[in-house]
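One-letter residues, chain by chain:
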Amino acid sequence: MKKSLVRMSALALCAAMLFTACKKDDAPPANTGSELYKRLGSNAGIKKVVDDFIGIVVADNVINGFFANTAKSQERVDDLKMHLVNQIGQAVGGPEKYTGLSMKAAHVGLGIKDVHFNALVNDLVAALKKNNVSDADVNTIGGALSPMRKDIVEP
C-alpha cells in the first residue's frame, strides 16, 4: 500500500505536467544528466515515454476531455510534448529546463479532482512500464513530481 501511494503520488506529479500551459525558453541545457536520467534513456528515452503517455491519455475517457483543445492542433500537441519532456527531464536531473507556468497558474479553474489526477498518474505509470522503467525508478520519478498535486487538484 505504501509503495503504491508513493508511486501514485510521484507519478501524479509527472502526470500533472500534462495539464500544464507553458512558455518557451531558449536557455541551453547545463548538464549531461543524473544516473536516473541516463537510465531513462536521456532525452530520447523521455521523449518515447511522453509519446506513449500522450497516446494512453488520449484513450483515457476519464481525462481526455481536458485535452480536447490541445488535440485539435498538431502544433499544440508538439508543444505539450516538448514541455512534458522538459519538465520530466528537469525533475529527474537532466539538462532540460521547464520554464512554463506554475502548476497552480496552469490549472486554476480547470476543475481537476483527485479522480482525474489519479487517472493521469496511472497513465504515466503505464507509459513508464511500457518503456521498461523499473519500479524503483517509477517511485523515484513519482517522488520528484508528487509535490505538484496540491497545486493542481481543486477541492
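Before reading on, note that the structure itself is shown above.
This is a predicted model, so every value here is computed, not measured.

Thoughts on helix H3 (residues 42–58)
What sets the pattern is the α-helix's 3.6 residues per turn: residues three or four places apart point alike.
Item 1. Here H3 spans 24 Å end to end across 17 residues, near enough to the 24 Å set by a 1.5 Å rise per residue.
Item 2. Where H3 is concerned, the buried positions are Gly45, Ile46, Val49, Val50, Asp52, Phe53, Ile54 and Val57.

Some remarks on the environment of lysine 48
Item 1. Tracing the backbone shows lysine 48 in helix H3.
Item 2. What makes lysine 48 partly exposed here is its relative accessible area of 39%.
Item 3. Taking C-alpha positions, lysine 48 is 9.3 Å from valine 85, a pair spaced 37 residues apart along the chain.

Some details on the environment of asparagine 122
Item 1. For asparagine 122, the location among the structural elements is in helix H7 (residues 114–130).
Item 2. Residue asparagine 122 is classed as partly exposed on the basis of its relative accessible area of 47%.

Details of the nonpolar core
Item 1. The biggest cluster of nonpolar side chains holds 34 residues, and the ones touching the most others in it are Leu40, Ile46, Val50, Phe53, Val92, Leu128 and Ile141.
Item 2. If you list the elements that add at least two residues to this core, you get helix H2 (35–39), H3, helix H5 (74–91), H7 and helix H8 (135–145).
Item 3. The biggest single contributor to this core is H7, with 8 residues.

Quick notes on the packing of H7 against H8
Helix-helix packing: each pair is described by the crossing angle between the helix axes and the interaxial distance.
Item 1. Taken N-terminus to C-terminus, the directions of H7 and H8 make an angle of 140 degrees; their axes are 10 Å apart at the nearest point. Between H7 and H8, the angle is such that the two are oblique. Note that H7 runs across H8; the crossing there is right-handed. Residue-level contacts link Val125, Leu128 and Lys129 of H7 to Asp135, Val138 and Ile141 of H8.

Side note on the side chain of aspartate 137
Item 1. With respect to the element layout, aspartate 137 can be found in helix H8.
Item 2. Polar side-chain contacts of aspartate 137 include one of 2.8 Å to the side chain of arginine 39.
Item 3. Apart from residues lying up to four places away in sequence, aspartate 137 is in contact with Leu36 and Arg39.

Comments concerning the environment of valine 108
Item 1. With respect to the helices and strands, valine 108 occurs in the loop between helix H6 (103–107) and H7.
Item 2. Overall, valine 108 belongs to the exposed group, its relative accessible area being 61%.
Item 3. For the pair valine 108 and glutamate 154, spaced 46 residues apart in sequence, the C-alpha separation works out to 7.9 Å.

Examining the pattern of salt bridges
Item 1. Here the structure, examined in full by the defined rule, presents 8 salt bridges.
Item 2. Of the charged contacts, one joins arginine 39 and aspartate 137 as a salt bridge, the two residues approaching to 2.8 Å between their closest N and O atoms. Linking arginine 39 in helix H2 with aspartate 137 in helix H8, this pair joins segments that are 98 residues apart in sequence.
Item 3. Since its relative accessible area comes to 9%, aspartate 137 is described here as buried.
Item 4. Linking lysine 81 and aspartate 51 is a salt bridge whose minimum nitrogen-to-oxygen distance equals 3.2 Å. Here the residue lysine 81 occupies a position in helix H5, and aspartate 51 occupies one in helix H3, the gap between them amounting to 30 residues.

Cut-offs used in this document
- Residues numbered from 1 in each chain as written.
- Predicted model: local features only at pLDDT ≥ 70, side-chain atom pairs only at ≥ 80, totals over all residues.
- Heavy atoms only, no water.
- Helix = DSSP H or I, 4+ residues; strand = E, 2+ residues; numbered from the N terminus.
- Expected span 1.5 Å × (residues − 1).
- Buried < 20%, exposed > 50% of the residue type's maximum accessible area, 1.4 Å probe, protein only.
- Core = buried A, V, L, I, M, F, W, Y, C linked by side-chain atoms within 4.5 Å.
- Axes fitted to C-alpha atoms, helices over the stretch in contact; angles between N-to-C directions.
- Parallel < 35°, antiparallel > 145°, perpendicular 65-115°, else oblique.
- Left-handed = near helix turned anticlockwise from the far one by under 90°.
- Contact = heavy atoms within 4.5 Å.
- Polar contact = N/O pair within 3.5 Å; in protein donor to acceptor, adjacent residues only side chain to side chain.
- Salt bridge = Lys/Arg side-chain N within 4 Å of Asp/Glu carboxyl O.

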